[in-house]
Structure formats: structure tokens, C-alpha cells
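Remarks on the overall topology
Residues per chain, in single letters:
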Amino acid sequence: EADLEEKKYILIRDGDEEENELGGLFYKPLPCFGFGIGWLSFLVGFVFPFAWYFATFLYLTNYYRRDPRERSGLAASAIAALIFSVALVITVLVLVFSCR
């Protein structure tokens, strides 16, 4: 019985060992000044909205699978691109129909 109880638990390693299952992936800083591509695109998009569409393309092509930390920034840029697109369409429609 003692052997069965011991097998129920999995040994969790502390971070002191050299060999980690993740290979130190999350110890590396994110690119683009540590922000990551998604958040940098989100910030730059307020000046150049094309950056939001670039990040949306990366989000839709599952770029975040390389580093899951990128997912939130890319998603925020995709939402910003959607809001900008809707606002742009509404503005264009108002300008077109107000001239008539």
C-alpha cells in the first residue's frame, strides 16, 4: 500500500536544477524592448494603425505558439484593429451620406 500512495504524487522540481523541461524559454526577455511584438504594436498603433493589422495577422497565424507570453498583446492589437476598422467605416459612411 505504501508504494501505491507514493506513486500518486509527482515530484515537482524547484528552479535550481540546470535541466528544466521548458529549456529556459520564459527566462528570456521578450523582443522589442521587453514588451513583445504584440504590446509594442498596440502602442505604436495609436500613431500608425497599420501596426494593429500587422499584429492581428500574427495573432491569426498563431504566432503566439512560439511564446505564449505574446498572446495577450497580439489579442489587444486585434481588438484595437477591429475597433479602428468599425470607427473608420462609420466615419466614411457619415462623410459620404452627409455630402448628399
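As the structure is a prediction and not an experimental result, all values here were calculated from the model. (Residues numbered from 1 in each chain as written. Predicted model: local features only at pLDDT ≥ 70, side-chain atom pairs only at ≥ 80, totals over all residues. Heavy atoms only, no water.)

**Describing the overall build of the protein chain**
Rule in force here: Numbering of helices and strands starts at the N terminus; helices are DSSP runs of H or I of at least 4 residues and strands are runs of E of at least 2. The classification of residues rests on relative accessible area computed with a 1.4 Å probe and restricted to protein chains. Under 20% of the type maximum is buried, over 50% is exposed, and intermediate values are partly exposed. Residue contacts are counted whenever heavy atoms from the two residues lie within 4.5 Å of one another. Here the open area of atoms and residues is found with the Shrake-Rupley method and a 1.4 Å probe, where only the protein chains shown may cover a residue.
Within the protein chain, the regular secondary structure consists of four helices and zero strands. Burial status across the protein chain gives 24% buried among its 100 residues. Considering only intrachain contacts with a sequence separation of at least 6, the fraction spanning at least 24 residues in the protein chain is 52%. Put simply, the protein chain shows about 8300 Å² of open surface, and 67% of that area lies on carbon and sulfur atoms.

**Some remarks on helix H2 (residues 37-44)**
Put simply, the rule reads: To be clear, the arc concerns the directions from the helix axis to the C-beta atoms.
Regarding H2, the residues found buried are Ile-37, Gly-38 and Ser-41. All buried residues of H2 lie within an arc of 100° about the axis, which places them on one face of the element. On the buried face of H2, the contacting elements are helix H3 (50-60) and helix H4 (71-98).

**Description of the UniProt feature "transmembrane region" (unreviewed entry) in the protein chain**
Here is the rule: UniProt positions are given in the numbering used here, feature names are shortened, and annotations may be inferred rather than shown by experiment.
The UniProt record marks residues 37-61 and 73-97 with the feature "transmembrane region" (unreviewed entry), using the residue numbering of this structure. Taken as a whole, residues 37-61 contains 76% helix and 0% strand, while its terminal C-alpha atoms sit 14 Å from one another. From the first C-alpha to the last, residues 73-97 spans 36 Å; its make-up is 100% helix and 0% strand.

**Here we look at the environment of Tyr-63**
Within the secondary structure, Tyr-63 is located in the loop between H3 and H4. It is 8.9 Å that separates the C-alpha atoms of Tyr-63 and Leu-74, two residues lying eleven residues apart in sequence.

**Overview of the pattern of salt bridges**
Cut-off, in case you're wondering: A side-chain nitrogen of Lys or Arg and a carboxyl oxygen of Asp or Glu constitute a salt bridge if their distance falls within 4 Å.
In total, this model carries one salt bridge according to the counting rule given. Residue Asp-67 pairs with Arg-69 through a salt bridge whose shortest N-O separation is 2.8 Å. Among the residues examined, Arg-69 registers a relative accessible area of 28% and is labelled partly exposed.

**Some words on the side chain of Thr-56**
Relative to the assigned elements, Thr-56 resides in helix H3. Classification of Thr-56 as buried rests on a relative accessible area of 16%. The residues touching Thr-56, leaving out its near neighbours within four places in the chain, are Ser-77, Ala-78 and Ala-81.

**Quick word on a nonpolar patch on the surface**
The condition that has to hold: Without a salt bridge and with relative accessible area above 30%, a residue can belong to a patch; like charges are then joined within 9 Å and nonpolar side chains (Val, Leu, Ile, Met, Phe, Trp, Tyr) within 5 Å.
A surface patch of nonpolar side chains, about 540 Å² in accessible area, is lined by Leu-88, Val-89, Val-92, Leu-93, Val-96 and Phe-97. Relative to the helices and strands, Phe-97 is located in helix H4.

**Here we look at the packing of H3 against H4**
The relative placement of two packed helices comes down to the angle between their axes together with the axis-to-axis distance. Keep this limit in mind: Helix axes are fitted only over the stretch in contact, all axes being lines through C-alpha atoms; the angle between N-to-C directions runs from 0 to 180 degrees. Geometric relationships in this document are graded by angle, where less than 35 degrees denotes roughly parallel, more than 145 denotes roughly antiparallel, 65 to 115 denotes roughly perpendicular, and other angles denote oblique. With the far helix as reference, a near helix turned anticlockwise by less than a right angle produces a left-handed crossing, and one turned clockwise produces a right-handed crossing. Ten residues, namely Ala, Val, Leu, Ile, Met, Phe, Trp, Tyr, Cys and Pro, are considered nonpolar, four, namely Asp, Glu, Lys and Arg, are considered charged, and the remaining ones, Gly among them, are considered polar.
Packing of H3 against H4 brings their axes to within 8 Å, and their N-to-C directions diverge by 125°. The orientation of H3 with respect to H4, classified from their angle, is oblique. H3 and H4 meet at a crossing whose hand is left-handed. On H4, the residues that touch Trp-52, Tyr-53, Ala-55, Thr-56, Leu-58 and Tyr-59 of H3 are Arg-71, Leu-74, Ala-75, Ser-77, Ala-78, Ala-80, Ala-81, Phe-84 and Ser-85. A breakdown of the residues in the contact of H3 with H4 according to their chemical character gives eleven nonpolar, three polar and one charged.

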